[in-house]
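Survey of secondary and tertiary structure
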Amino acid sequence: MNPPELKYTKEHEWARIEGNVATIGVTHFAQDSLGDVVYIDVPAAGAEVKQFAKFGEIESVKAVSDLFAPLGGRVAAVNEEAKKTPELVNKDPYGKGWLIKLELSDQSQLKHLMDAAAYTKLTASGH
Amino acid sequence: MTAQTTIAGALDRRLLMDRSVPGRVALTLPASDVPLQAAPSADLLRKGLDLPEISQLDMVRYFTNLSQLNFSIDTNFYPLGSCTMKYNPKINDEVASLPGFRDIHPNQPDEQVQGALRVMFELQHALGEITGLPGVSLAPLAGAQGEYAGLLIARAYHESRGDSARTVAIIPDSAHGTNPASAAMAGLEVVTVPSNAQGGVDVDALRKLADNRTAVFMLTLPSTLGLFEMNILEITKIIHDAGGLVYADGANLNALLGIVKIGELGFDICHSNLHKTFSTPHGGGGPGAGPVMVAARLAEFLPEPVVVREPAAAKSSLSATSHHGDAEPVEAHHGAKPYAFAYRLSRPPKSTGKISGFHGSFSILVRAYTYIRSMGRDGLRSAAENAIINANYIQAGLKDKYALAVDRYCMHETVLSAKRQHARGAAALDVAKRLLDYGIHAPTMYFPMIVEQALMVEPTESESKETLDNFIQVMRQIDDEIDRDPALLHDAPHDLPVSRMDEATAARKPYLRWQKSG
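Criteria and cut-off values
Residues numbered from 1 in each chain as written. Chains lettered and ligands numbered in written order. Predicted model: local features only at pLDDT ≥ 70, side-chain atom pairs only at ≥ 80, totals over all residues. Helix = DSSP H or I, 4+ residues; strand = E, 2+ residues; numbered from the N terminus. Rg over C-alpha atoms; globule rule 2.2 N^0.38 Å. Contact = placed C-beta atoms within 7 Å. Pairing = 2+ DSSP bridges. Axes fitted to C-alpha atoms, helices over the stretch in contact; angles between N-to-C directions. Nonpolar A, V, L, I, M, F, W, Y, C, P; charged D, E, K, R; others polar. Parallel < 35°, antiparallel > 145°, perpendicular 65-115°, else oblique. Left-handed = near helix turned anticlockwise from the far one by under 90°. Domains from an automatic or database assignment. Buried ≥ 20, exposed ≤ 12 C-beta atoms within 10 Å, placed from the backbone. Expected span 1.5 Å × (residues − 1). Arc of directions from axis to C-beta.

Each helix and strand in chain A was counted, giving four helices and nine strands. When its helices and strands are written in sequence order, chain A yields β-β-β-α-β-β-β-β-β-α-α-β-α. Taken over the C-alpha trace, chain A has a radius of gyration of 13 Å; the compact-globule value for 127 residues is 14 Å, and the two agree within 12%. Overall, chain A is about 35 × 35 × 20 Å in size when its C-alpha atoms are taken along their principal axes.

Per the secondary structure count, chain B includes 17 helices and 13 strands. For chain B, whose C-alpha radius of gyration is 26 Å, the value lies close to the compact-globule estimate of 24 Å for 518 residues. For chain B, long-range pairs separated by at least 24 residues make up 76% of all intrachain contacts whose partners lie at least 6 apart in sequence.

All names here are of chain A. With antiparallel pairing, the three strands of this open sheet are ordered in space as β4-β6-β7. The open sheet is flanked by β4 (37-41) and β7 (64-68), the only strands paired with a single partner. Neighbour to neighbour, the strand axes of the sheet diverge by 25° on average, direction disregarded. As judged from the five bridges shared by strand β6 (residues 54-60) and β7, these two strands associate in the antiparallel manner. Bridged to Glu59 within β7 is Val64.

The interface is formed by seven residues belonging to chain A together with seven residues belonging to chain B. Grouping the constituent residues of the side of chain A that touches chain B by class yields four nonpolar, one polar and two charged.

Residues and elements named next belong to chain B. Closest axis-to-axis distance for the helix α5 (residues 114-131)/helix α12 (residues 362-398) pair is 10 Å, and the angle between their directions is 60°. The orientation of α5 with respect to α12, classified from their angle, is oblique. The handedness of the crossing between α5 and α12 is left-handed. Residues Ala116, Val119, Met120, Glu122, Leu123 and Ala126 of α5 lie in contact with α12, whose contacting residues are Phe362, Leu365, Val366, Ala368, Tyr369 and Ile372. When the residues that make up the contact of α5 with α12 are grouped by side-chain class, the tally is eleven nonpolar, no polar and one charged.

Once that is clear, we can look at the sheet that holds strand β13 (residues 454-457) of chain B. All names here are of chain B. Spatially, four strands are ordered β10-β11-β13-β12 in an open sheet, and the strand pairing comes out antiparallel. What marks the edges here is a single partner per strand, and that holds for β10 (403-404) and β12 (444-445). Where strand β11 (residues 414-417) meets β13, four bridges bridge the pair, whose relative direction is antiparallel. Residue pairing across strands places Val415 opposite Met456, the latter belonging to β13. On the sheet, α12 packs against β10, β11 and β13 and is oriented at approximately 20° with respect to β11.

So, about the domain arrangement of chain B. By a frequent convention, interface size equals the accessible area lost on bringing the separate parts together. Residues and elements named next belong to chain B. Segmentation of chain B into domains returns domain 1 (91-367) and domain 2 (378-505). Computed over C-alpha atoms only, the centres of domain 1 and domain 2 are separated by 32 Å. Contacts between domain 1 and domain 2 engage 18 residues on the former and 18 residues on the latter. Considered class by class, the residues forming the side of domain 1 that touches domain 2 number eight nonpolar, nine polar and one charged.

Here we take up the environment of Ala165 of chain B. All names here are of chain B. Here Ala165 shows up in the loop between α6 (143-160) and β2 (168-172). Ala165 gets classed as exposed once you count the C-beta atoms within 10 Å, which come to 10. As for Ala165 and His422, which are separated by 257 residues in sequence, their C-alpha atoms are 47 Å apart. What Ala165 contacts, discounting residues up to four positions off in sequence, is Asn212 and Arg213.

Once that is clear, we can look at the packing of α12 of chain B against helix α15 (residues 465-484) of chain B. All names here are of chain B. At a minimum axis distance of 10 Å, the contact between α12 and α15 shows a crossing angle of 30°. With respect to α15, the element α12 is oriented roughly parallel. In this structure, the crossing between α12 and α15 has a hand that is right-handed. On the side of α12, the interface is formed by Asn390, Tyr393, Ile394, Gly397 and Leu398, while α15 contributes Leu468, Phe471, Ile472 and Met475. For the contact of α12 with α15, the class distribution of residues is seven nonpolar, two polar and no charged.

With that out of the way, let us pick up α15 of chain B. All names here are of chain B. Here α15 contains 20 residues, and its C-alpha end-to-end distance of 28 Å stays within 8% of the 28 Å for a straight helix at 1.5 Å per residue. Looking only at α15, the buried set comprises Phe471, Met475, Ile478, Asp479 and Ile482. Buried residues of α15 fall within an arc of 100° about the axis and therefore sit on the same side. Turned more than 90 degrees away from the buried face of α15 sit Lys465, Glu466, Gln473, Asp480, Asp483 and Arg484, all of them exposed. On its buried face, α15 is in contact with α12, α13 (419-423), α14 (428-437) and α16 (487-490).

If you want it as structure tokens, here you go:
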């Protein structure tokens, strides 16, 4: 269920690394816990984000939750489709429901992220 | 299909605007007896202003039918956790409707409204006594505004001591969302402290967070998990030793009435939601009220107005208004002796200022005062005790079917987790919606957020054993339905005028304004 090629945080974000660019989204577990997503607030292209710092908010019918950046860098692109139709996050969290793309500032930060096996284990324990 | 469905089906669902017929009026005005004035030039007039044109009877039927769709404490069991949906005794409304309360104006001078001010003064005193925090302002209009008022007091206190680096509010992860929101609005930085496995504050984590930047620690007591904080004395000491103040979110005060004074536990500031603990109406039933109570040393910062009694004048006014046959009639004061006025509105010396217009929600204050006086000290304690017994009765009757957030005796509410039900295909939302079919209001869902599939149940002291038994039986039956006929839950409610709401589309594509069809 959690794609093996991605990296994960304990706050339920994922990152897909392609060269020096990381695509960021929230996990299946996150969208399932949140319920229907109704609003996404992420910074515009050009903004700087720090690893594990809050970079935006995601609102569902249940609650508003903070989004934490798996990696640090500069926002290269924002998924305007997902902002307009937030249900993409529920329907396709690892695909069309991605949130932002980051130009990474420091590849070595990758070592602080979990692989799919570790993340799956974390969510199986109920967190 | 039940009879209820048939009746609801027969109900004319059209909006008021859709019933409009051009030229129809609700009232025929008499001929004008003043000269007609020319209308302003046409470009100043708003065009396309849609107003309903409808007869008086059709309008009365429209609103009366809507009012009969209300789900209320007067019609149904309403175990909405954290909201204390207790019965609102009718005597509260009767007293608030007395002409002397109902027909006064907030701009009348103090000497014309001594009775109203006396009610406010005595309510201040009662709330000070109940909480053990004697400085009271009745001005805040809701719980969250009470929080905000309390946090402004905390800031003003630190600043008055030249301690202006204290800008952090520490708040548990189980807190009501209003706590961090109020703190942010008061200009404080919010830092979260985690909960421990027993549902209390992680004391070691708190000790690490408390320092010379701590302005205030906000704690709900009992907690939002419905649990008493076992380490409360240690917690208030940690914060005081660090130089901070401790704020009590009084949303759950109903569990403590007459049993514990929160001031004696070390809290410095608290608010109380009169519409919860003191039986005044919620929401559409009337405005709220969230008085703020503080320790004596903080009273000078209270928001204005505060009602004070002039010590010298107290005797004379009381003898004229409050005692029985042998009291000197008011008329006797006419002539030589000047009338003495006991109560007046005042501004505390270092007041954080006004937080609401005039005196706060005055008619709500009268209702809370009536409740406190009609219950008395022993009655209030008994209310708290019965609220606690009722919640534990429900918890004991359901814990084999529904998981508990924390398996401990609870206070006035119990937090269940529908995680076993979720694993079998029905979420907390489905259980809650199915309850509506049984004529029971849904519990609070998905809060506190640290509990998976939370269902927060607060029966209050008002309910009989039969009502609690029925609720337990219905909850057990719903649990059975998950395996027998899950659609009963997924499509619920079935028997109400409106079936399952599409909350996601309502939030994504809100339809906020009436538009002419066709």
